[in-house]
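Chain by chain, the residues:
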Amino acid sequence: MPKTQNKAVMNWLYIFAFVVAFLVVFGGFTRLTRSGLSIVEWNPINGTIPPMGQHQWEAEFAKYQESPEFQLVNTGMTLEEYKYIFYVEWFHRLVARLAGLFYALPVFYFLFRKTIPFKEFSIYFWMGILFIGQAIMGWLMVYSGLVDRPAVSHFRLTAHLLLALSLFSLAMWTAFGHKHGFPEAGKPAKWSVPSKLAVTSLFILIIQISYGGMTAGLKAGHVSETWPLMFGKLLPPNLFNSWVNIFETPQTIVFIHRWFAWLGLILVPYVYYLIKKQNYPADIQKGIAWLIGVVALQITLGVLTILSYVNIAIALIHQANAIVLLGLAVYFIHRFRAWDAKQVS
């Protein structure tokens, strides 16, 4: 972990994390509008500029017409209709390129100015690796939908999502360190119960987000538009008759995604009770109270997404709120561990 705190680096990390979060949410919009397979090539440099004339547009459209999505789903699509989904995906990729620049230029500037000492560069280096990794996985995800079926691999989509959110979390964790201080070396602190529960909550959230990614990849949100019942039953039959179902079957995946989140709603109030009892600082107590509200909002948005048959606006707010939850989970682990270290000193 770094040791040098700097307000400029902190602000950069907060903004960079926001850009990554925006990229994730806009990726959701790209998916929900079925725009993600509209550009069938990965051109990191040439792809920055969209087609400029009729001839270029026709050439790009001809490439798309060879894809499974056009041949099996959008056979009657016109060139004008294609331009819309093309621009959505093009903008998604453009924001990704700009996010890369927004990482690279400041980090090298801070290194050059020694605002970030070179010996503390490793955590920023791993941010770069995560960014490259999620970009490569993004293309592998798209490529999986260009071979023989008009849908991307739900595993690759989930991996792409988790890599992006790992980058977001690492940026936020480091920003919190610049704001509140980094842990001192050589002072291992015992894990308190709130710290353990915060990590457990993060683990639950990661599983829930993973099932959200698989739900999106399989379009499993359209399986049933009723809640709490699915197909007229609270527990539909044959959901768990094979372990493969929990990774491959849309009905099972969306069922898990529907109900797993309630663990968080049970756990967070218990954490609030503990920190009130142990007299944690006021900002942590207030933050946990807000966290309970955000968890309740997330579940409400999830139910509304089901009942609206995956309305795009509601689904995107649901996704954005999940990122807020992730940021809060990282914040509380950081603050609880700092409090644990304080008890040692």
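## Details of helix α6 (residues 154–180)
Okay, step 1: The end-to-end C-alpha separation of α6 is 38 Å, in line with the 39 Å expected for 27 residues at 1.5 Å each.
Okay, step 2: Near the N-terminus of α6, the side chain that reaches the backbone nitrogen of Phe155, with its oxygen 3.2 Å away, is that of Ser153.
Okay, step 3: At the C-terminal side of α6, Gly181 shows a positive phi close to 105°.

## A look at the packing of aromatic side chains
Okay, step 1: For the structure on display, the rule yields 36 aromatic pairs.
Okay, step 2: Ring geometry for Trp227 against Trp259: centres 5.8 Å apart, planes inclined by 25°, an arrangement best described as stacked. Residue Trp227 is found in the loop between α7 (193–217) and α8 (245–248), and its partner Trp259 is found in helix α9 (residues 250–260); the two are separated by 32 residues along the sequence.
Okay, step 3: Residue classification places Trp227 among the partly exposed positions, given a relative accessible area of 28%.

## A few points about the packing of helix α5 (residues 122–144) against α6
Okay, step 1: The contact between α5 and α6 brings their axes to 8 Å, and the two run at 160°. With respect to α6, the axis of α5 lies roughly antiparallel. Handedness of the α5/α6 crossing: left-handed.
Okay, step 2: Tallied by class, residues from the contact of α5 with α6 come to 16 nonpolar, eight polar and one charged.

## Concerning the side chain of Ser67
Okay, step 1: Here Ser67 lies in the loop between α2 (54–65) and α3 (68–72).
Okay, step 2: One polar contact links the side chain of Ser67 to the main-chain carbonyl oxygen of Tyr64, over a distance of 2.6 Å.
Okay, step 3: What Ser67 contacts, discounting residues up to four positions off in sequence, is Val40 and Leu146.

## Concerning the environment of Phe91
Okay, step 1: Within the secondary structure layout, Phe91 lies in helix α4 (residues 79–112).
Okay, step 2: With 43 residues separating them along the chain, Phe91 and Thr48 place their C-alpha atoms 9.2 Å apart.
Okay, step 3: Setting aside its immediate chain neighbours within four residues, Phe91 contacts Phe22 and Phe26.

## Structural notes on the pattern of salt bridges
Okay, step 1: Going through the model one piece at a time under the given rule, you end up with six salt bridges.
Okay, step 2: The shortest N-O distance in the salt bridge between Arg34 and Glu69 comes to 3.4 Å. Separated by 35 residues along the polypeptide, Arg34 in the loop between α1 (7–32) and α2 and Glu69 in helix α3 bring together distant segments of the chain.
Okay, step 3: Assessed through its relative accessible area of 2%, Glu69 is described here as buried.

## Remarks on the packing of α1 against α5
Okay, step 1: For the pair α1 and α5, the least separation of the axes is 14 Å and the interaxial angle reads 15°. Overall, the two elements α1 and α5 adopt an arrangement that is roughly parallel. By crossing handedness, the relation of α1 to α5 is classed as left-handed. Of α5, the residues touching α1 (which contributes Val9, Trp12, Leu13 and Phe16) are Tyr124, Met127 and Phe131.
Okay, step 2: For the contact of α1 with α5, the residue count by class is seven nonpolar, no polar and no charged.

## Points about the confidence of the model for the chain
Okay, step 1: Across the chain, the average pLDDT comes to 93, with 99% of residues at or above 70.
Okay, step 2: Within the chain, the element-level pLDDT minimum falls on helix α10 (residues 262–277), averaging 86, and the maximum on α1, averaging 97.

Scoring rules and cut-offs
- Residues numbered from 1 in each chain as written.
- Predicted model: local features only at pLDDT ≥ 70, side-chain atom pairs only at ≥ 80, totals over all residues.
- Heavy atoms only, no water.
- Helix = DSSP H or I, 4+ residues; strand = E, 2+ residues; numbered from the N terminus.
- Expected span 1.5 Å × (residues − 1).
- Polar contact = N/O pair within 3.5 Å; in protein donor to acceptor, adjacent residues only side chain to side chain.
- Phe/Tyr/Trp six-rings, centres within 6.5 Å; stacked < 30°, edge-to-face > 60°.
- Buried < 20%, exposed > 50% of the residue type's maximum accessible area, 1.4 Å probe, protein only.
- Axes fitted to C-alpha atoms, helices over the stretch in contact; angles between N-to-C directions.
- Parallel < 35°, antiparallel > 145°, perpendicular 65-115°, else oblique.
- Left-handed = near helix turned anticlockwise from the far one by under 90°.
- Nonpolar A, V, L, I, M, F, W, Y, C, P; charged D, E, K, R; others polar.
- Contact = heavy atoms within 4.5 Å.
- Salt bridge = Lys/Arg side-chain N within 4 Å of Asp/Glu carboxyl O.
- pLDDT = per-residue confidence, 0-100.

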